[in-house]
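Letter by letter, the chains look like this.
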Amino acid sequence: MTATAISTPKAPAAVGPYSQAVSTGEGAGSTVYVSGQIPLDPATGTLVDGDIQAQAERVLTSVGEILAAAGLGYEHVVKTTVLLADINDFVPVNEVYSRFFTGPVLPARAAFQVAALPKGAGVEIEAVAVRP
């Protein structure tokens, strides 16, 4: 296996020593691991303005841009992890999430409340996709 970093300026730069995503190959069945995305404006690197739904929208848009840079889309995602600063945001984040993941087979998912997220974000989402 050869790991390859995936990167796009259409999503926020990593805020630490990690890649936006890592691909395990180009062939069918290889995987792309999208690092947790927080609601940062890709141009400024600052948190987006707005409520938790605006944050979730930015996060999932970033996930989509990274997937696109890998030649994939939301329909290729098989697993996500949703981290919330406040579990009470579960329902409003789900409302946004359901607009991005609409296929006949939805990704497996876990959602957790955490003590804090980087830069004071309200939501962070990571994803795993599989190449067809």
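Remember, it's a predicted structure, so these values are computed and weren't measured experimentally.

A. Focus on the pairing of strand E6 (residues 123–130). Pairing analysis gives five bridges linking strand E3 (residues 31–37) to E6, with the strands arranged antiparallel. When the sheet's bridge partners are listed, valine 32 is paired in E6 with alanine 129. Sheet topology places strand E4 (residues 77–84) next to E6; seven bridges connect them, and they run antiparallel. Looking at the pairing, valine 77 lines up with alanine 129 of E6.

B. Representation of the nonpolar core. Core analysis: the largest hydrophobic core is formed by 26 residues, its most contacted members being Val32, Val34, Leu60, Leu67, Val82, Val93 and Val123. Counting only elements with at least two residues in this core, the list comes to E3, helix H1 (52–69), E4, helix H2 (90–100) and E6. Counting residues per element, this core draws most heavily on H1, at seven residues. Once residues within four sequence positions are removed from consideration, leucine 67 is found in contact with Val34, Leu72, Gly73, Tyr74, Val77 and Ala129.

C. Here's a closer look at the packing of H1 against H2. Remark: H1 packs on H2, axes separated minimally by 9 Å, with the N-to-C direction vectors making an angle of 30°. Viewed along their axes, H1 and H2 form a crossing whose handedness is right-handed. Here H1 contributes Ile52, Gln53, Ala56, Glu57, Leu60 and Thr61 to the contact with H2, which in turn contributes Pro92, Val93, Glu95, Val96, Tyr97, Arg99 and Phe100. Its residues placed into classes, the contact of H1 with H2 shows eight nonpolar, two polar and three charged.

D. Examining the environment of threonine 102 more closely. Among the structural elements, threonine 102 can be located in the loop between H2 and strand E5 (108–113). Using a relative accessible area of 59% as the deciding quantity, one classes threonine 102 as exposed. Counting along the chain gives 45 residues from threonine 102 to glutamate 57, while the straight-line C-alpha distance between them is 15 Å.

Reading the values: rules and limits
Residues numbered from 1 in each chain as written. Predicted model: local features only at pLDDT ≥ 70, side-chain atom pairs only at ≥ 80, totals over all residues. Heavy atoms only, no water. Pairing = 2+ DSSP bridges. Helix = DSSP H or I, 4+ residues; strand = E, 2+ residues; numbered from the N terminus. Core = buried A, V, L, I, M, F, W, Y, C linked by side-chain atoms within 4.5 Å. Buried < 20%, exposed > 50% of the residue type's maximum accessible area, 1.4 Å probe, protein only. Contact = heavy atoms within 4.5 Å. Axes fitted to C-alpha atoms, helices over the stretch in contact; angles between N-to-C directions. Left-handed = near helix turned anticlockwise from the far one by under 90°. Nonpolar A, V, L, I, M, F, W, Y, C, P; charged D, E, K, R; others polar.

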